[in-house]
Amino acid sequence: MPDIHSQRILILDFGGQTTQLIARRVRECGVYCEIHPWDLHVKTLTDFNASGIILSGGPESTIADNAPRIPDEVLSLDVPVLGICYGMQSLVKQLGGEVQAQQNHGEFGYASVTLQGSCSLLDGLNDRDSENQDTESNAPSNARELDVWMSHGDRVEAVPDDFHVVGVSANAPIAAIAHKSKPCFGIQFHPEVTHTLQGATLIERFVLNECGCDALWTPGNIIDNAVEHIREQVGDDEVLLALSGGVDSSVVAAMMHKAIGSQLTCVFVDNGLLRLNEGDRVMETFAEHMGVKVIRVNAEERFLSRLAGVTDPEEKRKIIGNLFVEIFEDEADKLSNARWLAQGTIYPDVIESAASSTGSAHLIKSHHNVGGLPSEMRLKLIEPLRELFKDEVRRVGVDLGLPASMVYRHPFPGPGLGVRILGEVTKGYADTLRLADDIFINALVKHDLYDKVSQAFTVFLPVKSVGVTGDGRRYDYVVALRAVETIDFMTARAAHLPYDFLDEVSRAICNGIPSISRVTYDISSKPPATIEWE
Ligand code: XMP
């Protein structure tokens, strides 16, 4: 079995908005990489033993006082280096070139970079092909141009000795540089974003050709390595897992089961706030088809009685979270041999917690555990997905035999329908919402729209509105449909679902569910709204 960590790229993060994308592009080449803050400890750098280093972009200016800089130890390593945007400017500045602030010459968004000279990283790349003919002679132009995405205010004015310019753009006369004899490159544009058409190819060339890495980071190899590592870590101990039916905990369950079989016990808490038939489906997938030991705790009654009369969203969240932990701990106590708690922590959680503890990046949120389980439990933590991005988790899940419909499902919040029923939660409301949501989601799947939106669901509004069917007057509840498009769930816009589709869903819900007389579509963006209603 190949060692998937034997060749590895270090990404030094200068706080760029797209640093995680760089890592994903490297992983897509089949090569392991990690993101570390630019001011990492020298020991971390040495221990990492990088096959190559990528310097990210960042929001600062290299000419400002106390600007983040590339550690000298990085520059003295004998490995290939690729500086992107701020990373390139930092290289230039620290190796004796010149960077200047530009009042009116920043480049943001699309730009065209004309390549010149010879450079192993860029030779042969061209977005212009034969369409770019020399109109006078009708001969193909020799110009090699790349369509790229830029985001910089400062620009490089002079390259250090030993470097030459290999790309220019309208507002960056030095848009790409290469060392004359070493594999050290700088590019002002961002190859990690898809708007840079040759970006993925460029990163692949750097990682595979310049750094000489092999494509070992594949779902099959990841699983084999993880299975071996889990067996070593756990030995004969028993492991507990809170299985929610969401992607991360499901993939952990499948992975742990492959590694240690019946030493794994999953606890699945059915809180009565799940989607239609969800509990049965989870049991069917894991217990019946995959032979995973799953304890199903039917706790609908306990959750609903604690939630009775509670209307405040945060209060509801707290009640649901605390009760979940109580029930899970009760079950854990019954399994006195369990020594480990498996969790679905994934790589972005790890990066975000690391960055927030160093305070060196512009950061966002701190990591919270799957299921909100308390860290002071007597169990040791095992986190087999902590090196994986979400898309890698999904691919690994499919490779482990989980159904694609489970692995590619939209996210579902921990408190479930508890925050999709506005105000007080009752069984009647939850049952009605489950039916309406099922109609909406099935229609999205039927019309091939499910995978085109990032998240879709239905919200129950506990207000009554007048309707009419036949000759009869109705006075029934309202539901809102919500479908959003988003990359990171921090901002989102309402999906532009076809009108005819919405009409069909509205009719199916009002005709099929007697207690609903009206369907609305939520067109709010985030911000100012949030994705969920509570
Ligand atoms: P909001 O409503 O904050 O949602 O725009 C952003 C994403 O987070 C999910 N969400 C939650 N997930 N527990 C969770 O596990 C929660 O309390 C919670 N609240 C919102 C939401 O579904 C969306 O994907």
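Here is what the cut-offs are and how they apply
Residues numbered from 1 in each chain as written. Predicted model: local features only at pLDDT ≥ 70, side-chain atom pairs only at ≥ 80, totals over all residues. Heavy atoms only, no water. Helix = DSSP H or I, 4+ residues; strand = E, 2+ residues; numbered from the N terminus. Buried < 20%, exposed > 50% of the residue type's maximum accessible area, 1.4 Å probe, protein only. Contact = heavy atoms within 4.5 Å. Axes fitted to C-alpha atoms, helices over the stretch in contact; angles between N-to-C directions. Parallel < 35°, antiparallel > 145°, perpendicular 65-115°, else oblique. Nonpolar A, V, L, I, M, F, W, Y, C, P; charged D, E, K, R; others polar. Pairing = 2+ DSSP bridges. Domains from an automatic or database assignment. Buried area = accessible area lost by both parts, 1.4 Å probe. Salt bridge = Lys/Arg side-chain N within 4 Å of Asp/Glu carboxyl O. Polar contact = N/O pair within 3.5 Å; in protein donor to acceptor, adjacent residues only side chain to side chain. Phe/Tyr/Trp six-rings, centres within 6.5 Å; stacked < 30°, edge-to-face > 60°. 1 Å grid on protein atoms, 1.4 Å probe; cavity = no way out; pocket = protein on both sides within 12 Å on 5 of 7 lines; lining within 4 Å. Points joined across faces, edges and corners; volume = space filled by probe spheres on them.

Asker: When you look at the overall build of the protein chain in this model, what are you seeing that I'm missing?
Answerer: Regarding its fold elements, the protein chain presents 15 helices and 20 strands. Once the C-alpha set of the protein chain is aligned to its principal axes, its extents read approximately 80 × 65 × 45 Å. Here the protein chain, with 534 residues, has 52% of them falling under the buried criterion. Partitioning the contacts of the protein chain with sequence separation of at least 6, the portion at a separation of at least 24 is 75%.

Asker: Is there a simple way to explain the packing of helix α6 (residues 219-234) against helix α12 (residues 390-399) in this structure?
Answerer: When two helices pack together, their arrangement is given by the angle between their axes and by how far apart the axes lie. Viewed as axis vectors pointing N to C, α6 and α12 meet at an angle of 80°, and their least axial separation amounts to 9 Å. Here α6 lies roughly perpendicular to α12, going by the angle between them. Across from Pro219, Gly220, Ile222 and Ile223 in α6, the residues of α12 making contact are Arg395, Val396 and Asp399. For the contact of α6 with α12, a count of residues per class yields 4 nonpolar, 1 polar and 2 charged.

Asker: Got a minute to help me understand the pairing of strand β11 (residues 184-187) in this structure?
Answerer: Taken residue by residue, a regular strand's side chains alternate between the two faces of the sheet. Neither face of β11 is exposed, since Cys184 and Gly186 on one face and Phe185 and Ile187 on the opposite face are all buried. In this sheet, β11 lies alongside strand β4 (residues 81-84) in parallel orientation, the contact comprising 4 bridges. Each bridged residue has a counterpart across the sheet, and for Leu82 the counterpart in β11 is Phe185. Here 3 bridges tie strand β10 (residues 172-179) to β11, and the two strands are oriented antiparallel to one another. In the sheet register, Ile177 faces β11, and the bridge partner there is Gly186. Joining the antiparallel neighbours β10 and β11 is a turn of 4 residues.

Asker: Which parts of the structure should I look at to understand the sheet that holds strand β16 (residues 380-382)?
Answerer: The strands making up a sheet are joined through hydrogen bonds of the backbone, oriented either antiparallel or parallel. Spatially, β14-β13-β12-β15-β16 is the arrangement adopted by the 5 strands of the open sheet, whose pairing is parallel. If you trace the sheet from one side to the other, it starts and ends with β14 (293-298) and β16, each paired once. Shown here is a sheet whose adjacent strand axes are inclined to one another by a mean of 30°, direction ignored. As paired strands, strand β15 (residues 338-342) and β16 are joined by 3 bridges and run parallel to one another. Residue pairing across strands places Leu341 opposite Leu381, the latter belonging to β16. Where helix α7 (residues 247-260) meets the sheet, its contacts fall on β12 (238-242), β13 (264-270), β15 and β16, and the angle it forms with β12 comes to roughly 165°. Sheet contacts for helix α8 (residues 278-289): β13 and β14; angle to β14, the most-contacted strand, approximately 165°.

Asker: Just to check I follow, could you spell out the domain arrangement of the protein chain for this structure?
Answerer: Interfaces are often sized by the amount of accessible area the parts lose when they come together. Here the protein chain is partitioned into domain 1 (8-210), domain 2 (243-407) and domain 3 (426-521). For domain 2 versus domain 3, the distance between C-alpha centres works out to 28 Å. Contact with domain 2, which involves 8 residues of that partner, is made by 7 residues of domain 3. With both sides pooled, the region where domain 2 packs onto domain 3 buries about 640 Å², and carbon together with sulfur makes up 62% of that total. Summed over the shared surface of domain 2 and domain 3, the number is 1 salt bridge. Lys427 is the partner of Glu300 in a salt bridge, and the nearest nitrogen-oxygen pair spans 3.4 Å. In this assembly, domain 2 and domain 3 are joined by 3 residue pairs in polar contact (both at pLDDT 80 or more). Its residues assigned to classes, the side of domain 2 that touches domain 3 comprises 5 nonpolar, 1 polar and 2 charged.

Asker: Looking at this structure, I do not really get the sheet that holds strand β6 (residues 107-115). What am I missing?
Answerer: The 9 strands are arranged β2-β1-β3-β4-β11-β10-β9-β6-β7 in an open sheet whose pairing can be described as mixed. Two strands bound the open sheet, and with one partner strand each, they are β2 (32-37) and β7 (144-152). Strand-to-strand, the axes of this sheet are offset by a mean angle of 25°, without reference to chain direction. In the sheet, strand β3 (residues 52-55) pairs with β4 via 3 bridges, with the strands oriented parallel. Residue pairing for β4: Leu55 is matched across the bridge by Gly83. Seen against the sheet, helix α1 (residues 19-28) touches β1 (8-13), β2, β3 and β4 and runs at an angle of roughly 160° to β2.

Asker: What am I meant to see in the packing of aromatic side chains here?
Answerer: Each aromatic ring pair is characterised by the separation of its centres together with the angle its planes make. On inspection of all chains with the given rule, the structure shows 8 aromatic pairs. A ring pair is formed by Phe14 and Tyr86, whose centres lie 5.1 Å apart and whose planes are at 40°; its orientation type is tilted. Here the residue Phe14 occupies a position in the loop between β1 and α1, and Tyr86 occupies one in helix α4 (residues 86-94), the gap between them amounting to 72 residues. We classify Phe14 as buried; its relative accessible area is 3%. The buried category is assigned to Tyr86, whose relative accessible area is 2%. Each residue in the set Tyr429, Phe460 and Tyr477 is aromatic and connected to the rest through ring pairs, giving one cluster.

Asker: Would you take a moment to explain the layout of surface pockets for this structure?
Answerer: Any empty space left between atoms is shown by rolling a water-sized probe over those atoms. Roughly 560 Å³ of volume is contained in the second largest pocket. Residue lining of the second largest pocket: 29 residues in total, with Arg281, Ser405, Arg409, Ile441 and Tyr450 positioned closest to the centre. Contributing elements (two or more residues each) for the lining of the second largest pocket: α8, α13 (404-407), α14 (427-446) and β17 (455-469). Top contributing element to the lining of the second largest pocket by residue count: α14, with 7 residues.

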